[in-house]
Amino acid sequence: MNKIEQSISELYEIDDLAAGNSMIHRRSALAKLAVTVLYIILVMSFHKYDLPGLVPMVFYPVILFQLSGIPVSLCFKKLRYVLPVVCAVGIVNPFLDRSPVLYLGGVPVTGGMISFLTLLLKGIFCLQASFLLISTTRIEEICAALRKIRVPSMLVTLLLLTYRYVTLMAQEVLVMTQAYSLRAPGQKGIHYSAWGSFLGQLLIRSRDRAQQLYSAMLLRGYRGEFPHAQRAAGGFPDMAYTLVWTAFLLFLRFVDLSTLAGGLLI
Amino acid sequence: MITFENVSFSYGSAEKPVLSNISFYIGRGESVGLIGANGAGKSTVMKLLLGLLKGTGRIVVDGKEVQADTLSYVRKKLGFVLQNSDDQMFMPTVLEDMMFGPLNYGADRKTAEEAADRTLERLGLMYLKNRHNHRLSEGEKRMAAIATVLAMEPEGLLMDEPTASLDPFNRRIVIDTINAQPQTKIITSHDLDMICDTCPRVILLSRGSVEADGPADEILRDRALLERCHLELPIRYQFR
Ligand SMILES: Nc1ncnc2c1ncn2[C@@H]1O[C@H](COP(=O)(O)OP(=O)(O)OP(=O)(O)O)[C@@H](O)[C@H]1O
Ligand SMILES: [Mg+2]
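What counts as what
- Residues numbered from 1 in each chain as written.
- Chains lettered and ligands numbered in written order.
- Predicted model: local features only at pLDDT ≥ 70, side-chain atom pairs only at ≥ 80, totals over all residues.
- Heavy atoms only, no water.
- Helix = DSSP H or I, 4+ residues; strand = E, 2+ residues; numbered from the N terminus.
- Buried < 20%, exposed > 50% of the residue type's maximum accessible area, 1.4 Å probe, protein only.
- Contact = heavy atoms within 4.5 Å.
- Areas by Shrake-Rupley, 256 points an atom, 1.4 Å probe, with all protein chains shown as cover.
- Lys, Arg positive; Asp, Glu negative; His and termini not counted.
- Charge placed at Lys NZ, Arg CZ, Asp CG, Glu CD.
- Domains from an automatic or database assignment.
- Donors = N, O, S within 2.8 Å, 3.2 Å for Na, K, Ca; no water.
- Pairing = 2+ DSSP bridges.
- Buried area = accessible area lost by both parts, 1.4 Å probe.
- Salt bridge = Lys/Arg side-chain N within 4 Å of Asp/Glu carboxyl O.
- Polar contact = N/O pair within 3.5 Å; in protein donor to acceptor, adjacent residues only side chain to side chain.
- Nonpolar A, V, L, I, M, F, W, Y, C, P; charged D, E, K, R; others polar.
- Near = heavy atom within 4 Å.

**Overview of the overall build of chain B**
Piece 1. Of the regular secondary structure elements, chain B holds eleven helices and ten strands.
Piece 2. Counting only C-alpha atoms and orienting by the principal axes, one finds that chain B spans roughly 50 × 50 × 35 Å.
Piece 3. Within chain B, the fraction of its 240 residues that count as buried is 57%.
Piece 4. Of all intrachain contacts in chain B linking residues separated by at least 6 positions in sequence, the fraction that spans at least 24 positions is 60%.
Piece 5. On chain B, roughly 10200 Å² of surface is accessible, and the fraction owed to carbon and sulfur atoms is 49%.
Piece 6. Side-chain charges in chain B split into 29 positive and 33 negative, and the spacing between the mean points of these groups amounts to 1 Å.

**With respect to the domain arrangement of chain A**
Piece 1. For chain A, the assigned domains are domain 1 (1-138 + 229-259) and domain 2 (151-228).
Piece 2. Between the C-alpha centres of domain 1 of chain A and domain 2 of chain A the distance comes to 30 Å.

**Observations regarding the coordination of the magnesium ion (ligand 2)**
Piece 1. The coordination sphere of the magnesium ion (ligand 2) contains the protein donors S43(B) (OG) and Q83(B) (OE1), at a distance range of 1.9 to 2.2 Å. Here the residue S43(B) occupies a position in helix α1 (residues 42-49), and Q83(B) occupies one in the loop between β6 (78-81) and α3 (85-88), the gap between them amounting to 40 residues.

**Things to note about the sheet that holds strand β1 (residues 2-9) of chain B**
Residues and elements named next belong to chain B.
Piece 1. Taken in spatial order, the four strands of this open sheet run β2-β1-β4-β5, and their pairing is antiparallel. Single-partner strands in this sheet number two, and they are β2 (19-26) and β5 (64-65).
Piece 2. Where strand β4 (residues 56-61) lies against β5, two bridges are found, and the strand directions are antiparallel. Paired with V60 across the two strands is E65, which belongs to β5.

**Examining the interface of chain A and chain B**
Piece 1. Taken residue by residue, the interface counts 24 residues in chain A and 26 residues in chain B.
Piece 2. Buried surface at the junction of chain A and chain B, both sides included, amounts to about 2500 Å², of which 57% is carbon and sulfur.
Piece 3. Across the chain A-chain B interface, the total number found is three salt bridges.
Piece 4. There are eight residue pairs in polar contact (both at pLDDT 80 or more) connecting chain A and chain B.
Piece 5. Put simply, the parts of the chain that give the side of chain A that touches chain B at least two residues each are α1 (3-18), α10 (153-182) and α11 (195-219) of chain A.
Piece 6. With eight residues, the top contributor of residues to the side of chain A that touches chain B is α11(A).
Piece 7. Here the residues of the side of chain A that touches chain B are counted per class, giving nine nonpolar, six polar and nine charged.

**Notes on the site of ligand 1**
All names here are of chain B.
Piece 1. In the vicinity of ligand 1, the contacting residues are Y11, V18, A37, N38, G39, A40, G41, K42, S43, T44, Q83 and H190.
Piece 2. Contacts to ligand 1 include A40, whose backbone N or O atom sits 3.3 Å from an oxygen atom.
Piece 3. T44 has a polar side-chain atom sitting 2.4 Å from an oxygen atom of ligand 1.
Piece 4. Expressed as a share of its isolated accessible area of 640 Å², the protein-covered part of ligand 1 is 61%.
Piece 5. Considering only residue class, the shell around ligand 1 consists of four nonpolar, seven polar and one charged.

**Describing the pattern of salt bridges**
Residues and elements named next belong to chain B.
Piece 1. The final tally for this structure, using the stated rule, is 26 salt bridges over all chains.
Piece 2. Close ionic contact of E5 with R58 constitutes a salt bridge, the shortest N to O distance being 3.7 Å. Of the two residues, E5 sits in strand β1 while R58 sits in strand β4, which places them 53 residues apart along the sequence.
Piece 3. Among the residues examined, R58 registers a relative accessible area of 36% and is labelled partly exposed.
Piece 4. For the salt bridge of D193 with R236, the shortest nitrogen-to-oxygen distance reads 3.0 Å. Highlighted residues: D193 in helix α8 (residues 192-198) and R236 in helix α11 (residues 235-238), separated in sequence by 43 residues.
Piece 5. Overlapping salt bridges, with partners in common, bring together R28, D62, K77 and E155 in one network.

Right, dumping it as structure tokens:
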């Protein structure tokens with residue numbers, strides 16, 4: 001398998017996960033969406049030096065991984081593409097902000113290092129939360145939930161098409177590179193002289209493909225609504241899920257656990 | 001059930017018309033083979049019928065003219081098997097793809113899955129049910145695409161090259177399935193033997209106009225006519 005094929009398979013893997021049937025999978029998309037959004041907002045709201053405050057937020061992904069049966073290793077495998085970006089954004093911090101804030105066994109720990117770690121952790125937490133959402137909820141259900149809270153049908157269709165489309169586009173790239181390499185044996189990658197026409201072709205093909213895809217959906221009755229996607233919607237378990245998480249997350253955010261724990265020890 | 005009245009069409013205003021003044025009528029329950037050389041305009045006719053393209057003239061499906069406000073009516077009546085299966089299948093697995101249509105028309109998941117099962121059973125395709133679309137062979141994809149349309153139980157069937165890339169066994173299954181469907185059917189194909197087996201009537205397109213329209217066993221035996229339109233006699237008539 002080459003790299004493109006590999007990533008196509010990985011995208012489909014998420015669909016397989018989302019089709020599972022754990023107690024998390026069974027919650028309604030709206031409940032999961034709400035909790036995820038709340039979690040991300042709370043995580044982002046921590047001050048850049050508040051590393052000790054941020055750490056307890058790890059409970060959310062840990063518990064969710066447990067309950068949904070989604071393998072943690074898989075999540076990190078998928079995040080390997082995005083994590084370097086997060087690192088790259090924060091990596092300058094330790095160099096800019098060099099004032100020591102505390103000493104660990106005589107080694108100065110600078111503000112920059114703390115804020116870098118905080119940023120990294122925030123990145124990981126948010127990515128994990130999003131990953132958990134899409135690997136326990138089918139994209140159609142997410143779309144249905146978005147429609148339920150009145151997100152315009154146009155935007156939702158766009159989201160759905162993009163999601164479905166990324167894989168098709170990757171396939172298009174795969175087919176084109178294969179066709180290219182068949183007639184350019186012994187060449188590694190694509191020669192820069194062909195980049196222009198290659199990209200142009202890709203754009204045109206992508207546009208046509210998107211058009212065809214949308215037609216195929218229209219032909220089978222798609223009208224920007226998702227009447228069917230909802231698994232047992234609403235109801236007590238979903239209410240409970242949302243309320244318990246909201247309470248717990250707010251608790252993690254606003255009660256200073258590290259001081260509390262420290263206080264207990266003394 | 002389907003009427004074309006003086007329909008003309010061109011892709012882009014500057015280009016020469018792909019279809020000019022096409023007229024025909026297809027009654028309920030009829031099975032019609034739409035044949036013609038590459039580029040004759042067969043796929044274009046089907047797309048016009050479904051409102052995917054808009055030309056001039058009148059196209060009527062089951063009493064309603066094909067227009068912006070009747071599209072969902074028309075599309076619900078007619079199931080369309082596209083010439084390119086890759087354009088047809090967009091969900092991750094065969095089952096989900098088959099359920100997409102019925103669900104959109106208000107079936108619940110259980111009913112939709114049962115409909116899918118029935119269709120797969122009939123076509124002998126149960127082994128494809130949970131496979132990923134992008135990992136199917138060309139012919140498997142074709143069969144799955146046909147299944148997605150049959151699962152919607154439309155009143156009319158449009159099939160663009162249904163037997164392309166099928167092995168003889170699956171080709172036979174498709175022919176038998178087509179014959180078992182009581183619906184109105186329009187089938188395009190270069191496999192004229194398949195047309196002989198499925199369609200009592202044939203419409204022959206040539207360079208965008210109707211060259212002949214009549215009983216299959218007259219048109220498909222007319223060597224001069226077919227050769228003029230870049231076609232050949234079906235194999236079964238070749239050695240007589
Ligand atoms: N998107 C398009 N833009 C411009 N011209 C097109 C487009 N699609 C098809 N054509 C042209 O319209 C004509 C009819 O095409 P159509 O696809 O209907 O042919 P067909 O009878 O289905 O042929 P085939 O047997 O090869 O499938 C061809 O000459 C083709 O080049
Ligand atoms: Mg065609």
